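For reference, the chains in residue letters:
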Amino acid sequence: MHIEERVFGASSTGIESRLFTLTDGDFSVALTDFGASWVSAICPSKSGEKADLLLGFSTCQEYERSYHYFGATVGRYANRIGGAGFSIDGKRYELDKNNGQHCLHGGRMSWDKRIWHSQILDDGIMFSLSSPDGDCGFPGSMRVSVSYHLKEGHELLIEYEAQTEAPSPINMTNHAYFNLSGEGSGLILDHILSLKASRYLEIDESTLPSGRLLDVADSPLDFLKPKRVGSEIMKLPVSYDHCMVIDKREGEFLEFARLEDPESGRSLKVATDQPGVQLYSGAYLGPRRAKNGHAYPSLSGMCLETQDFPDAPNRPEFPQTILRPGMSYQRKTVYSFGW
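Residues numbered from 1 in each chain as written. Predicted model: local features only at pLDDT ≥ 70, side-chain atom pairs only at ≥ 80, totals over all residues. Heavy atoms only, no water.

(A) Geometry of the pattern of salt bridges. The full count for this structure, using the stated rule, is 19 salt bridges. Bridged by salt links that share partners, the residues Glu5, Glu16 and Arg18 form one connected network. (Salt bridge = Lys/Arg side-chain N within 4 Å of Asp/Glu carboxyl O.)

In structure tokens form, the structure reads like this:
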């Protein structure tokens, strides 16, 4: 495996960011210390034609201006926390309101807008960050890391770790948008998706979970058998933006998803030890120019964000996500590409 490092631009504060490209044969991924983000995944098709399968930008400055979280490491808390607040041990904490009355993906200036410390590993890159007490309203100083490992078989392993000095919620994920035809090539409605997820979290009009787990049977969210992403998408108010409950035991590492592009022959398999995955079909993407001058209209990328349940700090019926001193948060997800 070969690792190449170069300048990726400077942030608005003047701090220089770096881009790391990991290459193994005909497969390569690029990662940046800005937001500990996954920037590209270049893969051949069944006919040998290479394409970049991740939506994103070409410079650090474009990532800093965007709020689509392209490939970003999201934290402290992925997805939504209702009312932008929660209580721990009887004490109330107020967070940024950046999604109506709710807190989304950690707040307005969260981890996707930071330059992380980088360390080159034998098989990848580790990014680490110190999150201070009160960061976007979250309590306790926290030390976090995300490691990207390029493995044989065109696999990218992502490992998350965190320790805290005071009780705090933690829920990390990667927010990559996939288009297996290639970024900028059009919509993902003809992609074929299957999920080992027989339940999902019911949501209200603001996409906040109600607390109920519903069966996917006879709903547009039933991907237990492979089907076109676009086959029932019009039955939903705003396409797919739902947390699916993976059919697995607590802590079990399971391959739960397969996404295919019939035209190119490319496929993506996802495995995780997380209990849920946010299925998001890019409804809020817009025509703004991105990589290679391409525009990304609505529904031009699919996110499979492995994570704990949204709003769990306010939902005692959900698996709990409070990290306490002396504990270690550890999660992992593998994305495997084929053609």
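Picking up after the structure, the text goes on.
(B) Geometry of the packing of aromatic side chains. According to the stated counting rule, one finds 20 aromatic pairs in the structure shown. Judged by centre distance (6.3 Å) and plane angle (80°), the ring pair of Trp38 and Phe337 falls under edge-to-face. Placement of the pair is Trp38 in strand 4 (residues 37-44) and Phe337 in strand 28 (residues 329-338), with a sequence separation of 299 residues. Here the two residues Trp38 and Phe337 agree in accessibility, since each one is buried. Taking the centre distance of 6.0 Å and the plane angle of 70° together, the rings of Tyr177 and Tyr280 count as edge-to-face. (Phe/Tyr/Trp six-rings, centres within 6.5 Å; stacked < 30°, edge-to-face > 60°. Helix = DSSP H or I, 4+ residues; strand = E, 2+ residues; numbered from the N terminus. Buried < 20%, exposed > 50% of the residue type's maximum accessible area, 1.4 Å probe, protein only.)

(C) Quick peek at the nonpolar core. Within the largest apolar cluster, 61 residues are counted, with the highest numbers of intra-cluster contacts made by Trp38, Leu195 and Phe337. For this core, the leading source of residues is strand 13 (residues 142-151), giving 5 residues. If we ignore the near neighbours within four places in the chain, the residues touching Phe337 are Phe27, Trp38, Ala41, Cys43, Leu53, Gly153, His154, Phe178, Ser267 and Leu268. Judged by nonpolar contacts, the second largest core, of 17 residues, contains Leu19, Tyr63, Phe70 and Ala290. (Core = buried A, V, L, I, M, F, W, Y, C linked by side-chain atoms within 4.5 Å. Contact = heavy atoms within 4.5 Å.)

(D) Focus on the pairing of strand 2 (residues 16-24). In the sheet, strand 1 (residues 2-10) pairs with strand 2 via 8 bridges, with the strands oriented antiparallel. Residue pairing for strand 2: Val7 is matched across the bridge by Arg18. Adjacent in sequence and paired antiparallel, strand 1 and strand 2 are bridged by 5 residues, among which Gly14 carries a positive phi angle near 90°. In the sheet, strand 2 pairs with strand 3 (residues 27-32) via 6 bridges, with the strands oriented antiparallel. Considered in strand 3, the bridge of Leu19 is made with Thr32. (Pairing = 2+ DSSP bridges.)

(E) Quick peek at the layout of surface pockets. When its volume is computed, the largest pocket comes out at roughly 490 Å³. In terms of lining residues, the largest pocket is bounded by 24 residues, among which Glu250, Gly251, Pro275, Asp308 and Arg331 are the most central. Contributing elements (two or more residues each) for the lining of the largest pocket: strand 27 (322-323) and strand 28. Split by residue class, the lining of the largest pocket holds 10 nonpolar, 6 polar and 8 charged. Computed from the structure, the second largest pocket encloses a volume of approximately 330 Å³. Every residue lining the second largest pocket is counted, 17 residues in all, and those nearest its centre are Tyr67, Tyr69, Arg80, Leu104 and His105. Counted by class, the lining of the second largest pocket contains 6 nonpolar, 7 polar and 4 charged residues. (1 Å grid on protein atoms, 1.4 Å probe; cavity = no way out; pocket = protein on both sides within 12 Å on 5 of 7 lines; lining within 4 Å. Points joined across faces, edges and corners; volume = space filled by probe spheres on them. Nonpolar A, V, L, I, M, F, W, Y, C, P; charged D, E, K, R; others polar.)

(F) Examining the pairing of strand 14 (residues 155-164) more closely. Where strand 13 and strand 14 come together, 10 bridges link them in antiparallel fashion. The partner of His149 across the bridge, within strand 14, is Leu157. Connecting the antiparallel pair strand 13 and strand 14 is a turn made up of 3 residues, with Gly153 showing a positive phi of about 85°. Both strand 14 and strand 28 contribute to a ladder of 8 bridges, which runs antiparallel.

(G) Quick peek at the sheet that holds strand 3. Across the sheet, which stays open at both edges, the 5 strands sit in the order 1-2-3-4-5 with antiparallel pairing between neighbours. The two strands at the open ends of the sheet, each matched to only one other strand, are strand 1 and strand 5 (50-52). Between one strand axis and the next, the sheet turns by 20° as a mean value, whatever way the strands run. Relative to strand 5, strand 4 runs antiparallel, the two being bridged by 3 bridges. When the bridges of strand 5 are listed, Ile42 appears paired with Asp52. (Axes fitted to C-alpha atoms, helices over the stretch in contact; angles between N-to-C directions.)

Geometry only, nothing functional implied.
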